[in-house]
Every structure is written in C-alpha cells, then in structure tokens.
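A look at the structure
Here is how the chains run, residue by residue.
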Protein chains: 2
Amino acid sequence: MCEYGGSMTEPSVYNLPTPSLLLDVNRMTRNIQDFEARLGRLGVPLRPHVKTCKNFELTRNMMPDNAPGITVSTLAEADYFFSHGIEDQIYAVGIAPGKLDDVAERMDQGMRLKIILDNTISAGFVAEAARRLGCRFEVLLEIDSDGQRGGFGPNDAALIDAARELDAAGCRVLGVLTHMGASYNCRSRKCLVEAAEHERSTALAAAQALRQAGFDSPMVSIGSTPTARFAKTLDGITEVRAGTYVFMDLVMAGLGVCKPEDIAISVLSEVIGHRLDAGEWLIDAGWMALSRDRGTASQAIDYGYGRVCDDAGRLIDDLVVRSTNQEHGIVADRHGRPLAADRFRIGQRLRILPNHCCATAASHAGYWLVGEDREPSRWLDRCSGW
Amino acid sequence: MCEYGGSMTEPSVYNLPTPSLLLDVNRMTRNIQDFEARLGRLGVPLRPHVKTCKNFELTRNMMPDNAPGITVSTLAEADYFFSHGIEDQIYAVGIAPGKLDDVAERMDQGMRLKIILDNTISAGFVAEAARRLGCRFEVLLEIDSDGQRGGFGPNDAALIDAARELDAAGCRVLGVLTHMGASYNCRSRKCLVEAAEHERSTALAAAQALRQAGFDSPMVSIGSTPTARFAKTLDGITEVRAGTYVFMDLVMAGLGVCKPEDIAISVLSEVIGHRLDAGEWLIDAGWMALSRDRGTASQAIDYGYGRVCDDAGRLIDDLVVRSTNQEHGIVADRHGRPLAADRFRIGQRLRILPNHCCATAASHAGYWLVGEDREPSRWLDRCSGW
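Presented here is a report on the structure given in the accompanying data block. Computed from a prediction, not measured in an experiment: that's the story for all the values here. (Residues numbered from 1 in each chain as written. Chains lettered and ligands numbered in written order. Predicted model: local features only at pLDDT ≥ 70, side-chain atom pairs only at ≥ 80, totals over all residues. Heavy atoms only, no water.)

**Remarks on the overall build of chain A**
Our working definition: Only DSSP runs of H or I with at least four residues qualify as helices, and only runs of E with at least two residues qualify as strands; both kinds are numbered from the N terminus onward. We compute the radius of gyration over the C-alpha atoms and compare it with the globule rule, which gives 2.2 Å times the number of residues raised to the power 0.38. Think of it in three bands: residues with accessible area under 20% of the maximum for their type are buried, residues over 50% are exposed, and the middle band is partly exposed, with areas taken using a 1.4 Å probe on protein chains only. Accessibility throughout is a Shrake-Rupley quantity obtained with a 1.4 Å probe, and a residue counts as covered only by protein chains that appear here. Positive residues here are Lys and Arg, negative ones are Asp and Glu, while His and the chain termini are left out of the count. By convention, the point assigned to a charge is CZ for Arg, NZ for Lys, CD for Glu and CG for Asp.
Each helix and strand counted, chain A has 11 helices and 17 strands in total. A globule of 386 residues ought to have a C-alpha radius of gyration of about 21 Å, and chain A, at 23 Å, matches this closely. Dimensions of chain A along its principal axes, counting C-alpha atoms only, are 75 × 45 × 35 Å. Expressed as a percentage of its 386 residues, the buried residues of chain A come to 63%. Summed over its atoms, the accessible surface of chain A is roughly 13,600 Å², and 47% of this surface lies on carbon and sulfur atoms. For chain A, the distance from the average position of its 42 positive side-chain charges to the average position of its 51 negative side-chain charges is 3 Å.

**Some thoughts on the state of the cysteines**
Here is the rule we go by: For the purposes of this analysis, a disulfide is any pair of cysteine sulfur atoms at a distance within 2.5 Å.
All chains considered together, the criterion is met by two disulfides over all chains. Across a sulfur-sulfur distance of 2.1 Å, A:Cys186 and A:Cys191 are joined as a disulfide pair. A torsion of -65° about the S-S bond marks the disulfide between A:Cys186 and A:Cys191 as left-handed. Classification of A:Cys186 as buried rests on a relative accessible area of 5%. For A:Cys191, a relative accessible area of 29% puts it in the partly exposed group. Unpaired in terms of disulfides, A:Cys358 finds its nearest cysteine sulfur in A:Cys357, a separation of 4.5 Å. B:Cys53 carries a free sulfur, and the closest cysteine sulfur to it, the one in B:Cys383, is 8.6 Å from it.

**So, the interface of chain B and chain A**
What counts here: Residues are treated as being in contact if the distance between any of their heavy atoms lies within 4.5 Å. Buried area: the accessible area, evaluated with a 1.4 Å probe, that two parts lose upon being put together, summed over both parts. Just to be clear on terms, a salt bridge is a Lys or Arg side-chain nitrogen sitting within 4 Å of an Asp or Glu carboxyl oxygen.
Each partner contributes to the interface: chain B provides 57 residues, whereas chain A provides 57 residues. Between chain B and chain A, a total of about 4,800 Å² is buried, with carbon and sulfur atoms accounting for 63% of that surface. Applying the counting criterion to the chain B and chain A interface returns four salt bridges. With a closest N to O distance of 2.7 Å, A:Arg292 and B:Asp293 form a salt bridge. Of all elements in the fold, only helix 5 (120-133), strand 10 (265-275), helix 10 (287-290) and helix 11 (357-361) of chain B reach the threshold of two or more residues within the side of chain B that touches chain A. Among the elements that make up the side of chain B that touches chain A, the one with the highest residue count is strand 10 of chain B (six residues).

**Quick notes on helix 7 (residues 189-212) of chain B**
Residue and element names in this part refer to chain B. We count it as follows: The length a helix should cover is 1.5 Å for every residue beyond the first.
Over its 24 residues, helix 7 runs 35 Å from end to end, which matches the ideal 34 Å to within 8%, given 1.5 Å per residue. Within helix 7, the full set of buried residues consists of Leu-192, Val-193, Ala-195, Ala-196, Glu-199, Arg-200, Thr-202, Ala-203, Ala-206, Ala-207, Ala-209 and Leu-210. Backbone geometry just downstream of helix 7 places Gly-214 in the positive-phi region, at approximately 100°.

**Quick look at the relation of the copies chain B and chain A**
Under the convention used in this document: C-alpha atoms of residues with pLDDT of at least 70 in both copies form the basis for the least-squares superposition of the copies.
Note on the copies: chain B fits chain A at an RMSD of 0.0 Å, the axial shift is 0.0 Å, and the rotation between them is 180°. Both copies are brought into coincidence by an operation consistent with a two-fold rotation axis. Within chain B, B:Arg292 has its C-alpha nearest the rotation axis, a separation of 2.5 Å. When the interface residues of chain B are mapped onto chain A, 100% of them again fall at the interface, so both copies present the same face.

**Topic: the packing of aromatic side chains**
Residues and elements named next belong to chain A. In plain terms, the rule: A pair of aromatic rings is counted whenever rings of Phe, Tyr or Trp (Trp by its six-membered ring) have centres within 6.5 Å, and the orientation is called stacked for planes under 30 degrees apart, edge-to-face for over 60 and tilted otherwise. Placement of a charge over a ring requires the Lys NZ or Arg CZ to be within 6 Å of the ring centre, with the centre-to-atom vector within 35 degrees of the ring normal.
All chains considered together, the criterion is met by 10 aromatic pairs over all chains. An angle of 5° between the planes, with centres 3.9 Å apart, marks the rings of Phe-35 and Tyr-245 as stacked. Of this pair, Phe-35 sits in helix 1 (residues 25-42) while Tyr-245 sits in the loop between strand 9 (239-242) and helix 9 (250-255), placing them 210 residues apart in sequence. With relative accessibility at 0%, the residue Tyr-245 sits in the buried group. Over the face of the ring belonging to Phe-344 we find Arg-343, whose NZ or CZ atom lies 5.1 Å from the ring centre.

**A few points about the sheet that holds strand 3 (residues 70-72) of chain A**
All names here are of chain A. So the rule is basically this: Two strands pair under a simple rule: DSSP has to find at least two bridges between them. Inter-axis angles, ranging from 0 to 180 degrees, are taken between N-to-C directions of lines fitted to C-alpha atoms, where helices are fitted over the stretch in contact.
Within the open sheet, the eight strands sit side by side as 2-9-8-7-6-5-4-3. Their pairing is parallel. For this open sheet the edge positions go to strand 2 (46-48) and strand 3, each flanked by a neighbour on one side alone. With direction set aside, neighbouring strand axes in the sheet form an average angle of 30°. Of the pairings in the sheet, the one linking strand 5 (residues 112-117) to strand 6 (residues 138-143) comprises four bridges and is parallel in character. Of the residues in strand 6, the one forming a bridge with Ile-116 is Leu-140. Where helix 6 (residues 157-168) meets the sheet, it contacts strand 5, strand 6 and strand 7 (172-178), and its direction lies at approximately 170° from that of strand 6.

**So, the packing of helix 5 of chain B against helix 6 (residues 157-168) of chain B**
All names here are of chain B. Note the following rule: Any angle that is under 35 degrees is reported as roughly parallel, and any over 145 degrees as roughly antiparallel; angles of 65 to 115 degrees are reported as roughly perpendicular and all others as oblique. Gly falls in the polar group here, along with every residue not listed as nonpolar (Ala, Val, Leu, Ile, Met, Phe, Trp, Tyr, Cys, Pro) or charged (Asp, Glu, Lys, Arg).
Relative orientation of the contacting elements helix 5 and helix 6 amounts to 5°, with a least axis distance of 8 Å. One way to sum up the angle between helix 5 and helix 6 is to call them roughly parallel. Between helix 5, through Thr-120, Ala-123, Gly-124, Val-126, Ala-127 and Arg-131, and helix 6, the contact on the second element is made entirely by Ala-158, Asp-161, Ala-162, Glu-165, Leu-166 and Ala-168. In terms of residue class, the contact of helix 5 with helix 6 is built from seven nonpolar, two polar and three charged.

**With respect to helix 3 (residues 75-83) of chain A**
Residue and element names in this part refer to chain A. Listed in full, the buried residues belonging to helix 3 are Leu-75, Ala-76, Glu-77, Ala-78, Tyr-80 and Phe-81. The inward-facing, buried residues of helix 3 abut helix 2 (56-62), strand 3, strand 4 (88-91), helix 4 (100-108), strand 5 and strand 17 (379-381). Looking one or two places after helix 3, you find Gly-85, whose phi comes out positive at around 100°.

**A closer look at the pattern of salt bridges**
Residue and element names in this part refer to chain A. Applying the stated criterion to the full structure yields 48 salt bridges over all chains. The residue Arg-47 makes a salt bridge to Asp-88 at a minimum N-O spacing of 2.9 Å. Of the two residues, Arg-47 is situated in strand 2 and Asp-88 in strand 4; the sequence distance between them amounts to 41 residues. Glu-128 is the partner of Arg-132 in a salt bridge, and the nearest nitrogen-oxygen pair spans 3.0 Å.

Right under this line is the structure:
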C-alpha cells in the first residue's frame, strides 16, 4: 500500500510531525535583503520589530550594522532579547501603569528599554514612578497618524504638557513614535504612497512641535512594512520600525508589498480525508495551527484561512483552506468548483501560506528551517507569553 | 498620583502581569457539576474532551467515576495525559497516515490510544501499518452527522468495507463516533434539540449497520457541549465527548447553553489609554491574548473580540472589545455610543470574556486560578503543540 504515502518514508523535512511551521530560509533572506536595500536607499536606519519572528538568531539577521536596536511588543520579548545581548529596545505598547516597576527593574539591570505613552494621565503615572523609584524613564510620545488606535494629535497641547511633566520628573523625552496601521486597509498603490507620506509628515509635525517647546526630540520613529515599502522619502525620520517583511504573508501580497512566492513561512500539514460529494479535502491543520486570522477577508481576494501549496512550497491553482476547526482544515477551490476525486492523495503533504504571519507564527513554539534542497532541517524556537 | 491606580498595590490576584488568563474555580466547578448531573440523568458516561483545558488537574475534576477515559486532539495531549496516568484515550482527528508509527509506539508503551478514520483509503493505510508493525490498532469509524466536515454516511457501503479491511488486518473495530458541529450554528432551542437527536440517531444507524455486518460495535460515541445540553434522550449511546462546558464562552451563551455569568475564563488586562474623541478605551490585551476568534460574529449578538467585565468579573453594560491589534484592544460600547470620559481610569483592570474558550485558552501557557475571595492565585499550566 506504499503507493498512498511515498513521502512518509523519505529521510527529509517531509517527515516532520504535522502540523509544523516551516521557514524557508532562502525566501526570508531575500525579504530581509530587499527591505534593507530599500531603507538603505531611503537613508534611514531600521529598528526591526521582533513581534513577528520572536527569535534571536532571526533578529540578528534582520539587524543591519546601523540598526539602533529592536522593537518589542511584550516584556517577555524584552527579557529574552536582552538575555541575548540586545540592550536598546522600544517597548511599543502604551505603557500600563502596572508595568512601570517592571520597566524600572529592567533599566537597573542595564536594559535601555524605552517606553511609549499617548496621554497626560499615563505621563503622570510615569512621572510619579520616576520620583518614587528614582528611575529616569526614557519615553517616546506616541502620535496618532491614522485615527485608528491611540496617540496624541501632532498639534495637541497635551503632547507638550506630557513632555513637560515627564521632563520635570527627570525622565528623558526621546521624541515621537507613530505607526500607520491604517496602511493595511489600503486598496491601491496611491493610497499606500499617501499613507507613507502621512505617517512621515505627522511624525515630523509632532517632533517639530516638541522642538519648538524646547525638547530636542532626537528620535522620530515611524514604521510598518507597507509604508516602508511605498514611501517616496523618509527625510527627517530617524528610524523605521517593521517586522512583517521578514516573513511576508497573504495580506502583504494582497497589498502589493510582496508576491505570494515571497512568503517565507508555511504550515506543513497532511491530507487526512476527502469530502467526495463536495469536492473538498481534509487536512490536519486547523485554526490551532493556522490561527483564526482572516486578514484577507476584507481584501480583493479572500484566501480563507490560507493558500494551499504543494510539499515543495509551490502554489496550487486557486486552492485555499475554506474553513477550519481546532485541528481540521478543509481545502477547497476558492471559486467553489469541486476538486477532482484524484486531486490529492490521503497522506500527501501540503503547505499552507498564512494570511497574517505574526498570528500564524504565534501558534507555534518555533520554526523548522527549510531550504530549496529539502534537506533535513534545524529547529529555532520562539519566545512567548508576556 | 496614587488615585489613578489603587488596584496596583493591593496584594491580590489583581497584581498579576497583564494580560493573563484567569480561571474562576467556582464557576468552573458549577459548570462541571451541572454537566455531569445532566449526563447522569441521561444515563450516559462522559469522556471529557481535553482540547479545551489541556491540563491534567482540571481534567481529573472533569472525570466522573464512570468516565471511560478522555478525548484528545493531538498526540502531544496524548503523551501529556498518559504521563499523568490516563491510558484510555480517543485521538479524535482522522488519523494521518504519517502518524501511524507514532500511534503504534504509544500503544506499545501501554497507552490505549484509539484512532478514528472516515474513508477506505485511510483504512487501507491502517491495515498496512497493522501488518507491517504487528500492531492491533483500535479504531472508531467516524460518521458524518452534519455534512460539515468528514465522516462516512451511516449507510455507506464504504463503512462496512473499511471495517472489514481493518478487521482482516487484525485491528479492533470498536464502533462509531460522530460530532454534530453544526449544532454551533443553531439559532433556536428547537434546532438544538433536533441537532442532538440527529447526532444520536445517525450514530445509532451507523452502529446498527456495523452490527448487521457482524461487528459488535461496543462503542457509540457522540458529543458536543450544545447537543449534550439539549438532548432529550441518549438511549443507545455509550459515551458523550465534550470539553467546552468546563469553561463555557460567549458562543455557548449565545446558543443558550449557559449564561454569560457562567463563563469561567477571562483575560485580565489593564487600561492603557483613551480615545476621547471616539469615546473608547485602549487595553493591553490584543488578539495575541484574546485570540482572533470571532465566533459571535454570526450570532444574534456580536461581542467583537470579547465582552468586558470589571476586575471582579462582573459584566459591564454592553461593552465589548471592538477591535484588536497584536497587543492592543479597543473597548467600546456594542451599540457605538461613545463612553463617558470618566468611564474608566488609566491603570484600571478589566476582565474580558472569550468568544471561544478553546481559542482564547490556547493563547496562554496556563491559568491563574481565582476564587470569589480574590486571594492570590495558583498557576496551572497547559500542554501545547502537536
């Protein structure tokens, strides 16, 4: 009965347990090189956002010589990367008052952990903690460039009030930071170019307001993978933060930031059943392995829970994972055409490209590295938690 | 400035890092007791599905004296629970041919790991592996009761063909198994009652077909939390599999299976900013902590990414987490009414009830146990991976 499952006995990465997260090193390397080349042409240093990869070795490869440090999304990441020697970090989530003692403790240990905030009440908390703990917090003021989440308006009086309150408590006001998350909603190149320029000009306006109020504001930090990709100029910007570019994903492909063939991570799965009447197939990767992210649902092409590739990572027609349960996925044609009864074999392995690489990667403890030679792979773990 | 954040310095569970997953032990205990009492009245043993809790101590509490064993969704769960002494397990995902050697190895070690399959090709793989490895696999045949995923039809000739092929290879055909996942889509009590009866009658019809073909089919295993809750009778059924009932969630509440006040897990978070213009608030729990599950989106009431409670777990009006980023959530009124500028305080802690407890719990490494007395808590970990 070996004709059903020849791939099982090959001594290669295709013997990995399923589902597993694969990382195509060649694709990743090209993504990193392309992104760095682009920022090099724009003349702005890159501060990688590590919330996507959450691994030190990958992050080292993402840091050009002039990288000032990294961006983190949790204190768990801060600790993990500091333990690997990366001291300069921005914790890019508005600081929770309950975390200030933890931040101060890490600064005492030598971590240059910059925090962000976007309102005067939080500034008051930081000032209070600075006095109570004798800690000179380093603070970036978060600016709202898209009206979607938080941030001071660039001309808000509150921005200057917050800077003054922090300064009076001995904190260091480093400058401004913004993230144009709305760029993910763009549906045209024009929109993306405008979003990039809006991100830049909003950050610069806020930095200018701070400078006029007497704060030197040495940092003007912006960034997202789409805006960095479509920016015409980044004049005045001191660093770009981005993370998704390292792996790319279907949402980025939908935006025109990359091609599907650039996506470096995929979920390896095995065909476990067929729905002959429906012309669909079952795989052993559900939302637990793919994530519940449906980021392409609002784009021109909806890829369900992911796009289907063969075991070598080559795209297969218009096949998607139409629906998922916890450990099951249903592979179907995107247009609803039934698949032929011999389209797949039970036991065959498929790779699924993610809608959103941050979410899919977060569903796994680490990566199996694969290259084009299909050699047995090496494992890299991810840090997790908060 | 202590007036902003009184809760921070209390020596209680409200000092936990945020975001954290809380488990209200009293609510969970009532959920377990209610579910077991109901199955007791129906006269059917419970085989808990551990994919929801993924913890041994919680699972022990879910196993009545007559529980035949547990249901698992991954081999990682199988290993973890076997290491804690639970031998009788159903691995309730159609077996991937690539996992048969792993299953045989575990059976050699004393695990009574039953596998399932839903097609003759998979039966052929199992028969081949049984002969090759000298392993007497124990197999349940999966029956399709809702047309949504996989399964033999109860009257399919292929069902009998598969049983015969397995039997001829020395495998043990234990009977049938089905899961009426479509019950989650019901919008009325009548639909749920009918779904439960359909799940029962379909499984019985398949068992009857096997028996007529000469297989004793000692197991007739069905189950889901909604169908178990609404079944009028389970005559002929030998065990019920269910897991969600232990925690409950907003999807279950939307179905009428529980009340929101019964939901035992929640994500503890902290208010980190306000969007004064929009009348919304930012918290430090995003999709990484809440999951991307949007299970209530198709129900009568859409709770976004979760329903908002105060730090003691009491529901707050109609507040929901309207949208999320990786580590940010936006708290808003469900009807779009702006919240008052003094509705929350920066630094205040909130608990978020999950749409889907399996998905939200899977976002965390474990649980902080909390009771009504708000005493400092104990930590329970979860197994993870595949």
